[in-house]
Amino acid sequence: MSKFTHHIFVCGKCKPSKRLGKGKTHDPGKLRAALKKEIKRLGIKADVRANDSGCLDQCDDGQVIVIYPQAIWYGGVGVEDAERIIHETILAGNILEDLRIPDEQLRCGKSKKSDSTPPQQKQEG
Ligand code: FES
């Protein structure tokens, strides 16, 4: 089974947050379309995919996208950022610091329980 090198998920529910810079356009549908257009233009469709997603639980950072399997989270993403994301992050492997959501701000992987160790990994006695 083939795998994508990068799978981009664009939250389709985000509202624009204060992270969205001046002059940037908030439009999840147009953002995804712009990402797909550049992926197609570059002929990398077999390796890179951009899909809509539901809420990614990072709503305060809208517009949010996440790129897997690298687990790169970007917020405040405008339609104008699409080409830069493809060229800088997908092709060149660079993190765009102005868009990156810092790890300590990510909600994913944080359990509400104080002990998040899965039961099967706990040591007895
Ligand atoms: S609505 Fe987009 S991350 Fe929650």
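For the protein, the name recorded in an unreviewed UniProt entry is Ferredoxin, with Blastopirellula marina as its organism.

## Comments concerning the nonpolar core
Of all hydrophobic cores here, the largest spans 24 residues; its most connected members are L35, I65 and Y74. When residues of this core are traced back to their parent elements, those giving at least two are β1 (6–11), α1 (28–42), β2 (48–53), β3 (65–68), β4 (72–74) and α2 (82–91). For I65, the contacting residues outside a window of four places in its chain are I8, F9, V10, C11, Y74 and V77.

## Structural notes on α2
All buried positions along α2 are accounted for by A82, I85, I86, T89 and I90. Down the axis of α2, the smallest arc covering the buried residues is 115 degrees, so these residues share one side. Immediately beyond the C-terminal end of α2, within one or two residues, lies G93, with a positive phi of roughly 80 degrees.

## Notes on the packing of α1 against α2
Contact pair α1 / α2: the axes reach a minimum separation of 8 Å and the direction vectors enclose 45 degrees. Between α1 and α2, the interaxial angle falls into the category oblique. Here α1 and α2 pass one another in a crossing that is right-handed. Judged by residue contacts, L31, A34, L35, E38, I39 and L42 of α1 engage A82, E83, I85 and I86 from α2. Of the residues that constitute the contact of α1 with α2, the class distribution is eight nonpolar, no polar and two charged.

Cut-offs applied
Residues numbered from 1 in each chain as written. Predicted model: local features only at pLDDT ≥ 70, side-chain atom pairs only at ≥ 80, totals over all residues. Core = buried A, V, L, I, M, F, W, Y, C linked by C-beta atoms within 7 Å. Buried ≥ 20, exposed ≤ 12 C-beta atoms within 10 Å, placed from the backbone. Helix = DSSP H or I, 4+ residues; strand = E, 2+ residues; numbered from the N terminus. Contact = placed C-beta atoms within 7 Å. Arc of directions from axis to C-beta. Axes fitted to C-alpha atoms, helices over the stretch in contact; angles between N-to-C directions. Parallel < 35°, antiparallel > 145°, perpendicular 65-115°, else oblique. Left-handed = near helix turned anticlockwise from the far one by under 90°. Nonpolar A, V, L, I, M, F, W, Y, C, P; charged D, E, K, R; others polar.

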